[in-house]
Amino acid sequence: MALTILQVALGLSLMASLLLPPLFYFLVITKRTSSHKTKLPPSPPKLPLIGNLHQLGSLPHRSLASLSKKHGPLMLLQLGEILTLIVSSPDMAREIMKTHDISFANRPSSKVTKILFYNNMGLGFSPYGEYWRKVRQLCIIHLLSAKRVQSYHLMREEEVAFMIEKIRQCSSPRTIDMSEVLFSFANDMTCRVVSGKLFRGGRRNELFHELLEENSYLLGAFNIEDYFPWLAWLGVFLGGLSSRARRNFKRWDDLLDEVIEDHENGKDDGEEDFVDVLLSLQKDSNLDFKLEKDHMKAISMGMFGAGTETTYTTLEWAMAELVRNSKTMEKLQDEVRGIVLEKRMVREEQLNAMTYLKAVVKETLRLHPPAPLLLPRESLKDCYIKDYFVPKKTRVFVNGWAINRDPEFWEEPNEFHPERFINNSVDFKGHDFQFIPFGAGRRICPGIQFAESTIELALANLVHRFEWELPYGLRREKLDMSENPGLVANRAKKLHLVAKPFLS
Ligand code: HEM
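Fair warning: this is a prediction, and the values are worked out from it, not measured in the lab. Numbering of residues starts from 1 in every chain and runs along the sequence as written. Whole-chain, interface and lining totals are the exception, using all residues; otherwise, since this is a predicted model, local features are given only for residues with pLDDT of at least 70 and side-chain atom pairs are given and counted only at 80 or more. Only hydrogens and water are set aside; all other atoms, that is, all heavy atoms of the structure, feed into the side-chain values.

Student: Mind showing me how you'd approach the pairing of strand β8 (residues 466-469) here?
Tutor: Consecutive side chains of a regular strand alternate in pointing toward one face of the sheet and then the other. For every residue, the accessible area obtained with a 1.4 Å probe (protein chains only) is divided by the maximum for its type, and the residue is called buried under 20%, exposed over 50%, and partly exposed between those limits. Each helix is a run of H or I in the DSSP string that is no shorter than four residues. Each strand is a run of E no shorter than two, and both are numbered from the N terminus. What you see with β8 is a clean split: Phe-466 and Trp-468 sit on the buried side and Glu-467 and Glu-469 on the side with no burial. Strand pairing is assigned whenever DSSP detects at least two bridges linking the two strands. Where β8 lies against strand β9 (residues 496-501), 4 bridges are found, and the strand directions are antiparallel. Directly across from Glu-469, in β9, lies its bridge partner Val-498.

Pasting the structure below:
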């Protein structure tokens, strides 16, 4: 992505001197932002036309964190035609997601989200309003409430057992592609509650993997049409992100049609899943809005993506940190093995006693928030944040990654120390703004409990059932910990490990 943004930025900079219409746009924007007799948040110097686009870098959460160190925790960027506010401190995050939550509860619409999510009808990207409110309520009641999540515990245990058996079958001396194993686990778990167990069969799981990866790329990539609408025609020559999104959408649409058809034709497994619920709600005359087939497809697709990628990424980072930090791994194994004495799987009811496990999960989410810039927000109206004027329709990125490492709140912020969460009430539920991997406010992640229980159960069993090593005699400190760019920052290099069964 870095190269693409840089190439595009430099190309555009050149064109700026040649084209008149762009200059017109630039003048209009400059006039709009400077005509206010009010103070705008500080900005780094901009280039004509492209503004600050060239400063995003290949991993925007990192480049933006460095830029904010110079320009402050509330920093205004001009990305092409889009005014963008970067929020980089717990204090400013509280302003946006608590004090002024309602003013920033919208999501910006983009070409790609519109194409992929049936004109933004999924929960994650739907505009703030009545439709969003109803869909959110529906998803919480029928899929993500504490009661619902609790009711999936047998499914979770079965899926974890399935993963453990898969690892056992290819354990030491063979090397396991843990990235693949963890992705399949997270995918199986999400698919099972959203659309049923039958998913594992055939090639559907692989297809899901392909489609989700492409979605993640498309949602994180730079689309010239969003930043310079008048240059949409150029998109065709620069790789055509919109046409790529249309191709992926078509494949999703066919797959989701198939899933719904299977449910309608009773090709089911007896377990009630979310698609079953949506189909029955469609016929429910008490429902106060019409649930069309496209709504169902958009909502389900959003859940597959939101549930799978984030869960898998967290588990992947947790395992990487644990094999790098052998003392932490030992301490965690001691805790789990001290509670689960028999040669058994860790059961869900045993997790409550595992305080160190919970601290490890929190520390993983602090250092490696799966969505480092959370999900973008957009201001619904003109607004003042600590005397700074933020115009209506400004795009907002809260840099969760930078905030979770703020040295004012965290000692040795770049080190993996789960101990910091022991006897510490700081939590990720959206009240402690120095730790916001799930966001906060009205648009906070509704899948926290789902994610927490899946991740804890999987991790406890992984460390209980196996001893873990790096392959090929690789030294721990040499493990590559770089991130992939994109909406979800998973590991750039796959995680290959060797597992020795501890209890056979
Ligand atoms: C470790 C796991 C997860 C992390 C770190 C995570 C993180 C996030 C973040 C940062 C947001 C945006 C919040 C904001 O704007 O303030 C979000 C939204 C969302 N998440 Fe999660 N998430 C995770 C797991 C899940 C799961 C398991 C599901 C569902 C099965 C889910 C469903 C959603 C949905 C539907 C939204 C959009 C909510 C809205 O816009 O109203 N997430 N998530």
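Once the structure has been displayed, the description carries forward.
Student: Explain the coordination of the iron atom of the ligand here, please?
Tutor: In an ideal octahedron of six donors the angles at the metal are 90 or 180 degrees, and in an ideal tetrahedron of four donors they are 109.5 degrees. Any N, O or S atom lying within 2.8 Å of the metal counts as a donor, with the limit raised to 3.2 Å for Na, K and Ca; because water is left out of the atom set, some sites can appear incomplete. You will see that the iron atom of the ligand has only one donor from the protein, Cys-445 (SG), lying 2.3 Å away. Relative to the helices and strands, Cys-445 is located in the loop between α18 (400-403) and α19 (448-465).

Student: In this structure, what is going on with helix α4 (residues 90-99)? I would like to understand it.
Tutor: Looking only at α4, the buried set comprises Pro-90, Met-92, Ala-93, Glu-95, Ile-96 and Met-97. Here, two residues are considered to be in contact whenever any of their heavy atoms come within 4.5 Å of each other. Along its buried surface, α4 packs onto β1 (74-79), β2 (82-87), β4 (377-378), β5 (383-385), β7 (395-398) and α18.

Student: What is the right way to read the pattern of salt bridges from this model?
Tutor: Think of it this way: side chains of opposite charge can pair up when their charged atoms draw near. We count a salt bridge whenever a side-chain nitrogen from Lys or Arg sits within 4 Å of a carboxyl oxygen from Asp or Glu. A complete count under the given rule lists 36 salt bridges for this structure. With a shortest N-O distance of 3.3 Å, Glu-158 and Arg-192 are connected by a salt bridge. Separated by 34 residues along the polypeptide, Glu-158 in helix α8 (residues 153-169) and Arg-192 in helix α9 (residues 178-195) bring together distant segments of the chain. Ionic contacts of the salt-bridge type, sharing partners, join the residues Asp-253, Asp-257, Lys-293, Asp-294 and Lys-297 into one network.

Student: Could you clarify how one ought to interpret the pairing of β9 in this entry?
Tutor: The pairing of strand β3 (residues 175-177) with β9 spans 3 bridges and is classified as antiparallel. Directly across from Ile-176, in β9, lies its bridge partner Leu-497.

Student: Just checking my understanding: could you explain the packing of helix α10 (residues 204-220) against helix α15 (residues 293-324) for this structure?
Tutor: Any two packed helices are characterised by how steeply their axes cross, that is the angle between the axes, and by the distance between the axes. Across the interface, α10 lies against α15 with an axial gap of 11 Å and an inter-helix angle of 85 degrees. Considering the angle they form, α10 stands roughly perpendicular to α15. Two secondary-structure elements touch here, α10 through Phe-208, Leu-212, Asn-215 and Ser-216 and α15 through Met-301, Phe-304, Gly-305, Thr-308 and Glu-309. The residue makeup of the contact of α10 with α15, split by class, is 4 nonpolar, 4 polar and 1 charged. Here, axes are lines fitted to C-alpha atoms. For helices the fit covers the stretch in contact, and angles between N-to-C directions go from 0 to 180 degrees. Throughout this description, any angle smaller than 35 degrees is read as roughly parallel, any larger than 145 degrees as roughly antiparallel, any in the 65 to 115 degree range as roughly perpendicular, and the remainder as oblique. Under this grouping Gly is polar, as are all residues other than the nonpolar Ala, Val, Leu, Ile, Met, Phe, Trp, Tyr, Cys and Pro and the charged Asp, Glu, Lys and Arg.

Student: Before we go on, may I ask you to explain the site of the ligand in this structure?
Tutor: Working definition: residue near molecule or strand if any one of its non-hydrogen atoms lies within 4 Å of it. Neighbouring the ligand are 27 residues; Trp-132, Arg-136, Arg-377, Arg-443 and Cys-445 lie closest to it. Polar contacts, as used here, are pairs of N or O atoms within 3.5 Å; protein pairs need one atom able to donate a hydrogen and one able to accept it. Residues neighboring in sequence count only if both atoms are side-chain atoms. With respect to the ligand, the side chain of Trp-132 contributes an N or O atom lying 2.9 Å from an oxygen atom. The set of elements that each furnish at least two residues to the shell around the ligand consists of α6 (130-144), α15 and α19. The greatest single-element share of the shell around the ligand, amounting to 5 residues, is contributed by α15. Here the residues of the shell around the ligand are counted per class, giving 17 nonpolar, 6 polar and 4 charged.

Student: Mind showing me how you'd approach the sheet that holds β3 here?
Tutor: Sheet strands pair by backbone hydrogen bonding; their relative direction is either parallel or antiparallel. Read across the open sheet, the 3 strands follow the order β3-β9-β8; overall the sheet is antiparallel. Where the open sheet ends on each side, the last strands, each with one partner, are β3 and β8. Put simply, the sheet's adjacent strands are angled 45 degrees from each other on average, direction ignored. Contacts between α8 and the sheet are confined to β3, β8 and β9, with β8 contributing the most and set at about 60 degrees to the helix.

Student: Could you clarify how one ought to interpret the nonpolar core in this entry?
Tutor: General note: in soluble globular proteins, nonpolar side chains tend to be found buried as a group. The criterion is simple. A nonpolar core is a set of buried Ala, Val, Leu, Ile, Met, Phe, Trp, Tyr and Cys residues joined through side-chain atoms within 4.5 Å. Counting 111 residues, the largest nonpolar core has Ile-167, Met-178, Phe-274, Leu-459, Leu-462 and Trp-468 as the members making the most contacts within it. When residues in this core are grouped by element, the largest group, 14 residues, is from α15. Among all residues touching Leu-459, those that are not within four sequence positions of it are Leu-315, Ala-318, Met-319, Leu-322, Leu-357, Val-360 and Val-361. Within the second largest apolar cluster, 20 residues are counted, among which are Leu-85, Ile-96, Val-390 and Ile-436.

Student: Is there a simple way to explain the sheet that holds β2 in this structure?
Tutor: If you trace the 4 strands from one edge of the open sheet to the other, you get β1-β2-β7-β4, paired in mixed fashion. Every interior strand has two partners, whereas the edge strands, β1 and β4, have only one. The sheet contact formed by β4 and β7 spans 2 bridges and is antiparallel. Directly across from Glu-378, in β7, lies its bridge partner Arg-395. The strands touched by helix α3 (residues 60-71) within the sheet are β1 and β2, with β1 carrying the most contacts at an inclination of about 120 degrees.

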